[in-house]
Structure formats: structure tokens, C-alpha cells
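Survey of secondary and tertiary structure
Chain by chain, the residues run as shown.
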Amino acid sequence: MKRATVYFEDDLHKALKLKAAEASSSVSDLVNQAIRESLSEDLDDLQAFRDRESEPTMDFETFLKSLKSDGRL
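So, how was this worked out
Residues numbered from 1 in each chain as written. Predicted model: local features only at pLDDT ≥ 70, side-chain atom pairs only at ≥ 80, totals over all residues. Heavy atoms only, no water. Helix = DSSP H or I, 4+ residues; strand = E, 2+ residues; numbered from the N terminus. Rg over C-alpha atoms; globule rule 2.2 N^0.38 Å. Buried < 20%, exposed > 50% of the residue type's maximum accessible area, 1.4 Å probe, protein only. Areas by Shrake-Rupley, 256 points an atom, 1.4 Å probe, with all protein chains shown as cover. Lys, Arg positive; Asp, Glu negative; His and termini not counted. Charge placed at Lys NZ, Arg CZ, Asp CG, Glu CD. Expected span 1.5 Å × (residues − 1). Patch = residues over 30% accessible without salt bridge, like charges linked within 9 Å, V, L, I, M, F, W, Y side chains within 5 Å. Salt bridge = Lys/Arg side-chain N within 4 Å of Asp/Glu carboxyl O.

1. Digging into the overall build of the protein
Secondary structure summary: the protein contains three helices and zero strands in total. Taking 11 Å as the expected radius of gyration for a compact globule of 73 residues, we find that the protein reaches 22 Å, considerably beyond that expectation. Considered along the principal axes of its C-alpha atoms, the protein spans approximately 60 × 25 × 20 Å. Of all 73 residues assigned to the protein, the portion counted as buried reaches 5%. Roughly 7200 Å² of accessible area belongs to the protein as shown, and the carbon and sulfur atoms make up 54% of that amount. Each charge sign in the protein was given a centre, from 11 positive and 16 negative side chains, and these centres are 4 Å apart.

Written out as C-alpha cells, the structure reads:
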């Protein structure tokens, strides 16, 4: 395990300390879990991008024009 110094805004630190106390956990455990969840979400997002990379794309102006021609704008 590595040690790091992290600076939290006062209100976030207070919230972390309160949550840790309620969960009978440590601030470090909460931060580690939050980072794991964030990295897992990133991995899911990257997979979603890979899954959709073969889909056709449309620029914003063309999309707006299609909405207008369909009577939705």
C-alpha cells in the first residue's frame, strides 16, 4: 500500500469523516472505494465507445437539419 497526501475542501473532508464514522470505516477506505468505482465506470465507458465505434456519425448541423425536416424543430 502507498501513502499519499490529498487535500480536500473542508466540507468534503467533514462529509467523508462523518460517512466513515457511520460506516465504521476509514476515510482511506472510502476514498479507495470511490476511486475503484470511478475507474470501473471509466472502463465501462471505454468499452461502450469501442462497441459503438463502427456506428455512422452525424455532425451537429446535419442532425439539427434532420430534426427540422422531420418537423421536430
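Text resumes after the structure shown.
2. A few points about helix H1 (residues 10–22)
Structurally, the α-helix is built with 3.6 residues per turn, so residues lying three or four positions apart point the same way. Across its 13 residues, H1 extends 18 Å between first and last C-alpha, which sits within 8% of the 18 Å expected from 1.5 Å per residue. Remark: Ser 24 follows H1 within two positions and exhibits a positive phi of approximately 50°.

3. Digging into a nonpolar patch on the surface
A cluster of nonpolar side chains, contributed by Met 58, Phe 60, Phe 63, Leu 64 and Leu 73, occupies part of the molecular surface with about 540 Å² of accessible area. Along the chain, the position of Phe 63 falls in helix H3 (residues 60–69).

4. Points about a negative patch on the surface
A surface patch of like charges, here negative, comprises Glu 37, Glu 41, Asp 42, Asp 44 and Asp 45. By secondary structure assignment, the location of Glu 37 is in helix H2 (residues 27–52). Given a relative accessible area of 44%, Glu 37 falls into the partly exposed group.

5. Notes on the pattern of salt bridges
The tally for this structure, following the rule as stated, stands at three salt bridges. Where Glu 61 meets Lys 65, a salt bridge forms, and the shortest distance between an N and an O atom there is 3.2 Å. Residue Glu 61 and its partner Lys 65 are both found in helix H3; the two are separated by four residues, about one turn of the helix. Given a relative accessible area of 53%, Lys 65 falls into the exposed group. A salt bridge links Arg 72 to Asp 70; the nearest nitrogen and oxygen atoms lie 3.0 Å apart. We classify Arg 72 as exposed; its relative accessible area is 59%.

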